[in-house]
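Working through the structure, step by step
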Amino acid sequence: MAESRGVRPGPEPADRVAIGITFGNSNSSIAYTVDDKAEVIANEDGDRQIPTVLSYVDGDEYYGHQAKAFLVRNPTNTIAYFRDFLGKEFKAIDPTHCHAAAHPQDSAGAVSFSVKDKSNEGEASPVSVSDASTRYLCRLVNSASEYLGKKVTSAVITVPTDFNNKQREALIKAANDADVEVLQLISDPVAAVLAYDARPEALVEDKIVVVADLGGTRSDVAVVASRGGMYTILATVHDYEFAGVHLDGALMDHFAKEFIKKHSTDPRSNPKSLAKLRQEAESAKKALSLGTNAQFSVESLADGYDFSSTINRIRYEMIGRKIFEGFNRLVEGAVKKAELDILDVDEVIMCGGTSHTPRVASNFRAIFPQSTPILAPATSTTAINPSELQARGAALQASLIQEYEASDIEQSTHPAVTTVNHISNAIGVVAVGPDGEDVFKPVMQAETAVPARRIVHLACPKEGGDFLIKVVEGGTHIKVTKPEPKAKESSANGKDDDSDFDDSEEEEEEKREKVWKIGKQLAEAAVKGVKKGGKVEVTINVAGDLAVTITAREVGGKGGVRGNLAAP
C-alpha cells in the first residue's frame, strides 16, 4: 500500500508542530496528539466537524458552518463539495452536489469557480479548485494554530483510497501553498483502524476489519487486513448513490409532499426554498440520530408560508429504507470483492457522519455474526465518535513521524518500500493434540506482510516423548449445516394438525461456520524426548523474499531442530 508525502522543504524535526487533518468532501476535522492521546480541535466557532465550504460576502471570506449558512442567501458566491475535484480534469467530474452552490466551470480543461471574492471588484473572478483547497486548508491550520497557541507547520492528511497520484500531488501542492509541510498522506480506512488500535486497552492482533466510511456525499467501504500492526487494504468499494445527502433527500421529499398538501405549491421548485428545505432536513436527520423524534420548522418556506411538522424515527427509517439497504449492499460487496466471507470479518468500524444513524449500525449488526463487534455509537459503548476517527488516526501518525528527517519519512513511505510481499495462504502447524487427535493451529494469517515472525506454543501428550509437527499451508472455508427436516405429524382424521404450521415457523436456520482446511505441507519436524506435560515452541520466520525458516524446540529445554525453505 503506497503512501505519499510532500517534497517541499519543511522545518527541522525539533521545530515541527504537526497535526492530523481529515479533508473531507462534506466536512473536515483537525486533531492534535497530547500525551499519546489524539484530541479533535474545535475551530473558533466551536465546531469539531467543519463543513468544507467557503463563502464570500463583500470581500470577506467565511468557512465552515458560517459559510454553509450562506448557501440559502448567497449560493453563487459559495464554494462547496470541491475536494473530490482536486487533480481532475473538468470533463471527469460530477458536479451534481454543487447545483445549490457556485457551479464548477471549465478553465482550460481544469476546474474553477467564478465568485465575487474581492470587495473592490464588482465582477466575479475565477478561483481554481486548487486555490479553494489552499484557502480552506489555510483556515483549518489557522484554527489549529490559534487553539494550540503556536504555529502549525506540518500535517498528516487522510485521503480516500481511490485518490490517484495526480490527485495526491494536487493535494500536497494545495497544502504546501497554505504553508503546511505534508509529512504523509494516509488512507482514510487505515487512519480509522489506527485510531482504534492506538487506544491503551487495544490488543494488536491479526484481524480482518471492514471500515465503512459513510459520508455526506459519498460512501467508501474498505476491507483491511491487520497483521502484526501492519495494514493491507484487500478491497475497496466507492459509491456516490448511497450517502448522507440521499437521506436528506428522502426527508426533503417527505416534507415537500406535506407542504404541497397544505399549500398546493412545491418548495423544491424554487432554489431558495429548496436550500431552506435541504438545510432543515439535514438538521432533522441529525436530531433523529440522537432521539426518536425531530421537529422540522422553516420560516417562509415558499410563497411566504411558514411550515412546521414533526417526524419520528420509525417513519424516517421507512422513507430511507432503500438508502439503508444500499449501505448493506456496499459492505457485502466489499467483503465479496476481497474474496472473503462475512464470517472471516473480525471487526466492523463505522466512520463518517452518516455512521451516527442507528438504523445503519443495526442493519450491519444483522449481517454479521453476533460475535463480530460493530464499532458505532448505536451498537458499542466503547465506539469512538465516527466523525472524528480519521482525524485522530492522522494526528497519531503525525506524532509518530514528526521527529524524523523529511528524507527518512520519504524513504520509509516510498512505494518500493511499502508495496511489500505478502503470503497468500495462512501458515500453521498440525500436531497430535493432548487427546491424540490431529489439531491444526494457524500461526501466520494470510495477507501477512513479510518479513514476519510468529511463535506458537503447542501442548504435548501428557506422557511426553517424541512430538511430531507438520508445518502446512491452510485456508478457510465456510461449512454449511442444514437442519434436518421435521417429520409432519398427522391428526387422527388424516388431516394435518395446525401445529404443523407452527413447527415450520420455528424451524432452525442453516448453520454456517468458518473451518480450517489443510493445504500443502511445507515441512515436518520431530522434537524428541519431551518431558511429561511439556510444551513445544514453534517459530516460523518468513523473509522478505518469502523464504521460510522454521525452528522447533521444547520450552525450557536445550537444543531443537531448524529447517529452511528456499524462496519460491
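Please read these numbers as outputs of a predicted model, since none were measured by experiment.

A separate point is the environment of A243. Along the chain, the position of A243 falls in the loop between strand 15 (230-239) and helix 5 (244-263). Residue A243 is classed as buried on the basis of its relative accessible area of 0%. Along the primary structure A243 and P568 are separated by 325 residues, whereas in three dimensions their C-alpha atoms are 45 Å apart. When residues no more than four places from it in sequence are discounted, the contact partners of A243 are G215, G216, T217, R218, S219, I323, F327 and T354.

This part covers the packing of helix 2 (residues 129-148) against helix 3 (residues 165-177). Two elements in contact, helix 2 and helix 3, have axes separated by 8 Å at closest approach and are oriented at 50 degrees. Taken as axis vectors, helix 2 and helix 3 run oblique relative to one another. Relative to helix 3, the crossing made by helix 2 is right-handed. Contacts between helix 2 and helix 3 involve S130, S133, T134 and L137 from the former and L171, A174, A175 and D177 from the latter. Grouping the constituent residues of the contact of helix 2 with helix 3 by class yields 4 nonpolar, 3 polar and 1 charged.

Not every positive phi belongs to a glycine, and D35 is a case in point at roughly 50 degrees. For D35, the location among the structural elements is in the loop between strand 2 (27-34) and strand 3 (37-41). For D35, a relative accessible area of 73% corresponds to the exposed category. Of note, the phi angle at D179 is positive, near 65 degrees, even though the residue is not glycine. Residue placement: D179 occurs in the loop between helix 3 and strand 12 (181-187). Judged by its relative accessible area of 39%, D179 falls in the partly exposed class.

Moving on to the pattern of salt bridges. Applying the stated criterion across every chain, the model contains 26 salt bridges. When the shortest N-O distance is used, the salt bridge between R321 and E325 registers 3.1 Å. In this pair, R321 and E325 are both assigned in helix 8 (residues 321-337), 4 residues apart and thus about one turn of the helix distant. The class of R321 is partly exposed, set by a relative accessible area of 47%. Exposure remark for E325: the relative accessible area of 33% places this residue in the partly exposed category. Of the charged contacts in the structure, one is a salt bridge between R553 and E537, with a shortest N-O distance of 3.2 Å. One end of the pair, R553, is in strand 26 (residues 548-554); the other, E537, is in strand 25 (residues 535-542), and 16 residues separate them in sequence. Exposure remark for E537: the relative accessible area of 14% places this residue in the buried category. Look at the salt bridges and you will find they share partners, linking R83, D84, D162, R218 and D220 into a network.

The strand order 6-5-7 describes an open sheet built from 3 strands, whose pairing is antiparallel. At either end of the open sheet lies a strand with only one pairing partner, and these are strand 6 (60-63) and strand 7 (78-80). With strand direction ignored, the average angle separating the axes of adjacent strands in the sheet is 15 degrees. Pairing geometry for strand 5 (residues 53-57) and strand 7, over 3 bridges, is antiparallel. Its bridge partner being in strand 7, S55 is matched across the sheet by T78. Relative to the sheet, helix 2 contacts strand 5, strand 6 and strand 7, its axis offset from that of strand 6 by approximately 75 degrees.

Within strand 26, 5 of the 7 residues are buried, leaving the element largely enclosed by the surrounding structure. In this structure, strand 25 lies alongside strand 26, joined through 7 bridges in antiparallel fashion. When the bridges of strand 26 are listed, V538 appears paired with A552. Between strand 25 and strand 26, which follow one another and run antiparallel, lie 5 residues, and L546 among them has a positive phi close to 75 degrees. Here strand 26 pairs with strand 27 (residues 561-565) via 5 bridges, running antiparallel. Within strand 27, the position partnered with I550 by the bridge is G563. Where strand 26 folds back on strand 27, the antiparallel hairpin that results is connected by 6 residues, among which G556 adopts a positive phi of roughly 85 degrees.

Conventions adopted
- Residues numbered from 1 in each chain as written.
- Predicted model: local features only at pLDDT ≥ 70, side-chain atom pairs only at ≥ 80, totals over all residues.
- Heavy atoms only, no water.
- Helix = DSSP H or I, 4+ residues; strand = E, 2+ residues; numbered from the N terminus.
- Buried < 20%, exposed > 50% of the residue type's maximum accessible area, 1.4 Å probe, protein only.
- Contact = heavy atoms within 4.5 Å.
- Axes fitted to C-alpha atoms, helices over the stretch in contact; angles between N-to-C directions.
- Parallel < 35°, antiparallel > 145°, perpendicular 65-115°, else oblique.
- Left-handed = near helix turned anticlockwise from the far one by under 90°.
- Nonpolar A, V, L, I, M, F, W, Y, C, P; charged D, E, K, R; others polar.
- Salt bridge = Lys/Arg side-chain N within 4 Å of Asp/Glu carboxyl O.
- Pairing = 2+ DSSP bridges.

Without other data, these values stay purely geometric and don't point to any function.
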